[in-house]
Amino acid sequence: MEYGKIVSKSFNVAWNYKSLWIFGLFAGAGSSGFNWNTGETEQLDFSSFGFDTSVLADIYHILAPLLIWFGLLLLALICLSFIAAPALIDAVNRITRGGTYRFSDSFSVGLDNFLKFAGLWIVFSFVMIVGCLLTFLIGLICFELHWTIGLASLLILIPFGICAVVMGSSIYCLAQRAIVVRKVSIGDGLAEGVTLFTNNIGKNVVMFLIYIGLLIGLGIGEAIIWAIFGIPIAAIILAAGFGIAAAFVAAFVMGLPISLIVGGFVGTVLTNLYTIFYFELLEPSQPTTTTAPPAPDLAGA
């Protein structure tokens, strides 16, 4: 498999079809890590340190509404990803496999697949959370038996966890593509994802590593671009004597348009990567070979 060709094609499609950046801006919101709250809190007695606890109450009243709004925003972004991701997959399918791409048509496909992608995300999230909890409980039990047994269990649990993440993420991404391209159910999409992973384990591992590498590299690039625009703005605000908070807000607001544009491009590239990889697994491109000309017949000379 020509991985360089896949990466190059992902960038080329993203650059040549800039309307895809709208989908790419939201496509990755439902594919990030999982965070959950067990509902258990630990009460700390700050008064024993001579700390004025009334300050914490003031901070809580300020942060609580912000956290609620942040949670609602995150939920909205995840829901938008259930539309943007299938729309982007459909668009790349049309562009790279001989179809006709229209933004409205792909958006319609995104709407049609909203419930399927939401259901797939719920299933995947449930499996990952249960897997994490079971792994944590096994490790905890091993440490309760003896610390040497606990350390020994880490030698097994950590590699197992890494393998589970690679396998789960790959199957999830491939199932998404199968649902959109083949118009199948969630179960059939997962079945195809499992089949494509088990039959191409090495290729999937390499693609996962390429994806992580690009994710880190492009993320650093995003941060640098934001810093180029944001830091001078923050420095001007600070020099004017408005304080750190005002400088941060100004840098964030002024740099937001650039961040949205760059984020849309990066999201498109990363989503394209697995979509084109999926097509390569289904229909491997044949390497071009050159046939040597026949040797001259010297017998009759």
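The structure this text deals with has already been given above.
Residues numbered from 1 in each chain as written. Predicted model: local features only at pLDDT ≥ 70, side-chain atom pairs only at ≥ 80, totals over all residues. Heavy atoms only, no water.

(A) A look at the layout of surface pockets. Size it by volume and the second largest pocket reaches roughly 490 Å³. Taken together, 21 residues line the second largest pocket, and the ones lying closest to its centre are V127, M128, G131, A164 and V165. Mapped onto the lining of the second largest pocket, the elements with two or more residues apiece are α5 (114-145), α6 (147-181) and α7 (186-198). Ranked by the residues each element gives to the lining of the second largest pocket, the list is headed by α5, at 10 residues. Split into classes, the residues belonging to the lining of the second largest pocket amount to 17 nonpolar, four polar and no charged. (1 Å grid on protein atoms, 1.4 Å probe; cavity = no way out; pocket = protein on both sides within 12 Å on 5 of 7 lines; lining within 4 Å. Points joined across faces, edges and corners; volume = space filled by probe spheres on them. Helix = DSSP H or I, 4+ residues; strand = E, 2+ residues; numbered from the N terminus. Nonpolar A, V, L, I, M, F, W, Y, C, P; charged D, E, K, R; others polar.)

(B) A look at the packing of aromatic side chains. Evaluated as defined, the whole model comprises 12 aromatic pairs. An angle of 90° between the planes, with centres 5.9 Å apart, marks the rings of Y17 and Y101 as edge-to-face. Of this pair, Y17 sits in the loop between α1 (3-16) and α2 (20-27) while Y101 sits in the loop between α3 (53-96) and α4 (103-112); the two residues are 84 residues apart in sequence, bridging distant segments of the chain. With relative accessibility at 33%, the residue Y17 sits in the partly exposed group. Of the residues examined, Y101 reaches a relative accessible area of 17% and is grouped as buried. With a centroid separation of 5.9 Å and an interplanar angle of 90°, the aromatic rings of Y274 and F277 are classed as edge-to-face. (Phe/Tyr/Trp six-rings, centres within 6.5 Å; stacked < 30°, edge-to-face > 60°. Buried < 20%, exposed > 50% of the residue type's maximum accessible area, 1.4 Å probe, protein only.)

(C) Just α6, in detail. Taking 1.5 Å per residue, 35 residues should reach 51 Å; α6 reaches 50 Å between its end C-alpha atoms and fits that length. By the largest-angle criterion, L154 marks the main kink of α6, which is about 30°. Residue K183 follows α6 closely and has a positive phi angle near 55°. (Expected span 1.5 Å × (residues − 1). Bend = angle between axes of the 7 residues up to and from the residue.)

(D) Spotlight on unusual backbone geometry. Within the chain, K183 stands out as a residue other than glycine whose phi angle is a positive 55°. Relative to the helices and strands, K183 is located in the loop between α6 and α7. Under the relative-accessibility criterion, K183 is labelled exposed at 67%.

(E) Representation of the packing of α5 against α6 within the structure. Between α5 and α6, whose axes approach to 9 Å, the crossing angle comes to 175°. By the angle class used here, α5 and α6 are roughly antiparallel. (Axes fitted to C-alpha atoms, helices over the stretch in contact; angles between N-to-C directions. Parallel < 35°, antiparallel > 145°, perpendicular 65-115°, else oblique.)

(F) Up close: the environment of S169. Examined against the element boundaries, S169 turns out to sit in helix α6. Note: C-alpha distance between S169 and N204 (35 residues apart in sequence) is 9.8 Å. Apart from the residues lying within four places of it in its own chain, the contact partners of S169 are F124 and F208. A polar contact of 2.8 Å, which involves the side chain of S169, links it to the backbone oxygen of V165. (Contact = heavy atoms within 4.5 Å. Polar contact = N/O pair within 3.5 Å; in protein donor to acceptor, adjacent residues only side chain to side chain.)

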